[in-house]
Amino acid sequence: MTTVPAISSPNTAAAIRSENVSRHYRMGETLIRAVDGVSLEVKAGEFLALLGSSGSGKSSLLNLIAGLDRPTAGSVIVQDRDLARLSREELAKYRLHIVGMVFQSFNLIPSMTLLENVELPLRFAEVDRGERESLSRKSLEQVGLKARLHHRPSELSGGEQQRAALARALINKPKLLLADEPTGNLDSHTGTEIMDMLREFNRELGMTVVMVTHERALAERYAERLVFLADGKLIDDRSNVPGGHA
Amino acid sequence: MKLPDLTELALRNLRESILRNSLTTIGISVGVASLVAMLSLGTGLQQLFTRRLAKSGLFDTIYVSSRREMRGMGRAEERNGPLPGESRVLDEAARSEIEHLANVSEAYPDIRFATELRFEDKPHLTMISALPQSARTNDAFENLQGHFFSSDTAPEVILQKSFAEELLGKTPPLGVPEPAVSELAAPLLDKELTMRYAQRSTTADPTAGGLGASDISGASYSVVSREQQLKIVGIADLDPESMRGPTRARVFLPLKLAESLHVMQPTDLREISRAASNEPVYSSISVRVKNPSQIQGVEDAIKKMGFTTFSILDASRSLQQVFKVLYAFLGIFGSLALAVASIGIVNTLVMAILERRREIGIMKAIGASDGDVRKLFFAEAGAMGIIGGIFGVIFGWAIGQVINFGTNIYLKSQSIPPEHFWAVPWWLVAFAIGFAFVVSLISGLYPAGRAARLDPVQALRYE
């Protein structure tokens, strides 16, 4: 299924490795250093939180790891693939098969039902119709939305929408789950529900999770490692013993 | 993405902004309708002309004349053949030979002469032409008052309308509408005419008060004045100037009757060297072919025999050229509306990109490639093209029906028989839908490319 070429590397333990990666862009006269020389190694199966205030570059770094953006300098190597060297086509395949993403604003397509939203990545992967539907149903059942298959996102609560987004992120069995402020639009109760699911996938499916958040308490409760960014630079990197259930 | 998925997604996206996409699709329909209307008018007119020409009996007829008739004309094609003086004479033997060629249904001499007809003791000089029985189906006699000749030898006559007017002394001055044929027919049908003519005969007939024997260069025959009673059986409403061949006359006789009269024809004087034989010599004969498509072969065969031929096919070739030019013009005008509609597609899709920026970003984030996004927009453009094309064809067909109907009401009010000058052949239906599809895809090129290049990070940030 995966056709993304891999580069050989002795370091196979690392799921993600960034080497002095930078993402700069120009806004008129000023040069914005969204990510500025970050080197980071994430082990396979790790649950890592990227923390920082708004504008610290944590989302930009996540986009680089997600293959949505390309670094201006340095490299990001995920599962032995140097993302900077992949073509646009290969990068799309990488996003399709290796990465699952959830966002603060859920990013479900409003005109589609949950089932259709979840099966969309399978359409891009050219999976047959019958198989597509059964996989999507299973995935939605997994996040407890069995009764909502034919509802549109607007008919659902925020928590339900985020669970649907999780179902979509997991549909192609990615190695990497990237979450950008997944609880940012949710109340604390539903936020906790989502976080519990993230941890469950991390533990039971062995998925590497990288979560961007500005809520330190949340990060400390779930993540095994906390990485702090400010002005695009890595300022602190510490391991954490996740707290118990809320 | 697979084609069924693409189609499904494209149609669902089109449904999402139903109003805007419908308007764009209607724009395409109007463009296609105008194209279909224009081209079907062209096709219909061509079919009408072809039908008319076929019915006129000219399409399956070859006019054969002896090269001797071409003396002094010096046309290039004639010069290539045998010298006029040496070429064959168009006599009965030649006619019979031509009639026995493959695919020839009949070959009859063109008998035409000027003579005097007396009606109610007044003489009228006119051109008389002989018609075979097969002319009965000729388009020229479509509105014949009375009936066609009862047999090929009956002493009957059909008059052309203007001659009928002359007989009745009713010739209208220029600018005044002509009287209806039926009006002329009533006082003339079944009346008798007397035709006075000069008979060419090899043995002098002293009883007929001969004009005297001709004796030129050793050949001799006499010309005898004769009279023949004829019954008027029909009045034809045709314009003698618009036709070629035997219908270019004002009075018509049955062919066999005309032949048996041995009327002195202008060619007889020129063919004097051959006149010693008793065989008639024709200035020209008409050859009817079983099927218009066989005309070329028969024409070639007759040319090989050493005669000069003319067929309307030569003329219809230039007519086809005219129709090609007409098609091109109609097509260009018809396509203009489609060109305008294609700008509508570009506009709609560019708007769709702005509106669906976020959606495109989402699709890219979850794994859609540039190609997937491009194909999706292409599919939307193509779907609008096909739907617009289908409706446009229906619409164009309906316009044609309405105009056809309206024009026929007008024609009827002018007492002209209704015509079908509007045709939407299957190739036009397929072409119109295909053309709309291709034009839509071309219109989709720019928007699809733009959507495909959209930066997902920017697109997702967009609210």
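How each quantity is defined
Residues numbered from 1 in each chain as written. Chains lettered and ligands numbered in written order. Predicted model: local features only at pLDDT ≥ 70, side-chain atom pairs only at ≥ 80, totals over all residues. Helix = DSSP H or I, 4+ residues; strand = E, 2+ residues; numbered from the N terminus. Contact = placed C-beta atoms within 7 Å. Buried ≥ 20, exposed ≤ 12 C-beta atoms within 10 Å, placed from the backbone. Pairing = 2+ DSSP bridges. Axes fitted to C-alpha atoms, helices over the stretch in contact; angles between N-to-C directions. Nonpolar A, V, L, I, M, F, W, Y, C, P; charged D, E, K, R; others polar. pLDDT = per-residue confidence, 0-100. Core = buried A, V, L, I, M, F, W, Y, C linked by C-beta atoms within 7 Å.

### Thoughts on the overall build of chain B
Part 1 of the reasoning: The number of helices and strands found in chain B is 14 helices and 12 strands.
Part 2 of the reasoning: Taking the intrachain contacts of chain B between residues at least 6 apart in sequence as the baseline, contacts between residues at least 24 apart amount to 81%.

### Details of the overall build of chain A
Part 1 of the reasoning: Assigned secondary structure in chain A consists of seven helices and 10 strands.
Part 2 of the reasoning: Counting all 246 residues of chain A, 50% fall into the buried class.
Part 3 of the reasoning: Counting only contacts in chain A whose residues sit at least 6 apart along the sequence, the fraction spanning at least 24 positions is 70%.

### A few points about the sheet that holds strand 6 (residues 99–102) of chain A
All names here are of chain A.
Part 1 of the reasoning: Across the sheet, which stays open at both edges, the six strands sit in the order 6-7-8-3-9-10 with mixed pairing between neighbours. Looking at strand neighbours, the two that pair on one side only are strand 6 and strand 10 (233–239), the edges of this open sheet. Here the average twist between neighbouring strands, direction ignored, is 15°.
Part 2 of the reasoning: Those strands touched by helix 5 (residues 158–170) are strand 6 and strand 7 (176–180), and its axis lies near 170° from that of strand 6.

### Remarks on the sheet that holds strand 12 (residues 307–311) of chain B
Residues and elements named next belong to chain B.
Part 1 of the reasoning: Here we have four strands laid out as an open sheet, ordered 2-11-1-12, and antiparallel in their pairing. A single partner strand is all that each edge strand has here, and the edge strands are strand 2 (104–109) and strand 12. Strand-to-strand, the axes of this sheet are offset by a mean angle of 25°, without reference to chain direction.
Part 2 of the reasoning: Bridge count between strand 1 (residues 61–66) and strand 11 (residues 284–289): five bridges; the pairing is antiparallel. Within strand 11, the residue paired with Ser65 across the bridge is Ser284.
Part 3 of the reasoning: Together, strand 1, strand 2 and strand 11 form the strand contacts of helix 4 (residues 92–99), whose direction differs from that of strand 2 by roughly 165°.
Part 4 of the reasoning: Its contacts with the sheet put helix 9 (residues 295–304) on strand 1, strand 2, strand 11 and strand 12, and the angle it makes with strand 12 is roughly 160°.

### Thoughts on unusual backbone geometry
Residues and elements named next belong to chain A.
Part 1 of the reasoning: With a phi angle near 50°, Asn20 is a residue other than glycine that sits in the positive phi range.
Part 2 of the reasoning: Its location among the elements puts Asn20 in strand 1 (residues 14–27).
Part 3 of the reasoning: The backbone of Asp231 sits at a positive phi, close to 50°, despite the residue not being glycine.

### A short note on the interface of chain A and chain B
Part 1 of the reasoning: Listed per partner, the contact involves 18 residues of chain A and 17 residues of chain B.
Part 2 of the reasoning: When residues of the side of chain A that touches chain B are assigned to their parent elements, the largest contribution, five residues, is made by helix 2 (residues 88–97) of chain A.
Part 3 of the reasoning: Here the residues of the side of chain A that touches chain B are counted per class, giving eight nonpolar, three polar and seven charged.

### A short note on the pairing of strand 10 of chain A
Residues and elements named next belong to chain A.
Part 1 of the reasoning: Pairing of strand 9 (residues 225–230) with strand 10 involves six bridges; the strand directions are antiparallel. Bridge pairing links Phe228 to Asp236 in strand 10.
Part 2 of the reasoning: Where strand 9 folds back onto strand 10 in an antiparallel hairpin, the turn is made up of two residues, including Asp231, whose phi is positive at roughly 50°.

### Brief notes about the confidence of the model for chain B
Residues and elements named next belong to chain B.
Part 1 of the reasoning: This prediction gives chain B a mean pLDDT of 80; 82% of its residues lie at or above 70.
Part 2 of the reasoning: Overall, residues 71–81 carries pLDDT values under 50, and its contacts beyond four positions in sequence, including any with other chains, amount to nine contacts.
Part 3 of the reasoning: What the predictor reports for the complex is a pTM of 0.69 with an ipTM of 0.90.

### Thoughts on the nonpolar core
Part 1 of the reasoning: Counting 127 residues, the largest nonpolar core has A:Leu50, A:Ile65, A:Leu178 and B:Val36 as the members making the most contacts within it.
Part 2 of the reasoning: If sequence neighbours within four positions are ignored, A:Ile65 has contacts with A:Ile16, A:Val76, A:Val78, A:Leu178 and A:Val210.
Part 3 of the reasoning: One finds B:Val64, B:Leu184, B:Met195 and B:Phe307 within the second-largest nonpolar core, a separate group that totals 50 residues.

### Topic: the confidence of the model for chain A
Part 1 of the reasoning: Mean pLDDT over chain A stands at 89; residues scoring 70 or higher make up 93%.
Part 2 of the reasoning: Here residues 7–12 of chain A scores under 50 on pLDDT; set against residues more than four positions off or in separate chains, the count is eight contacts.

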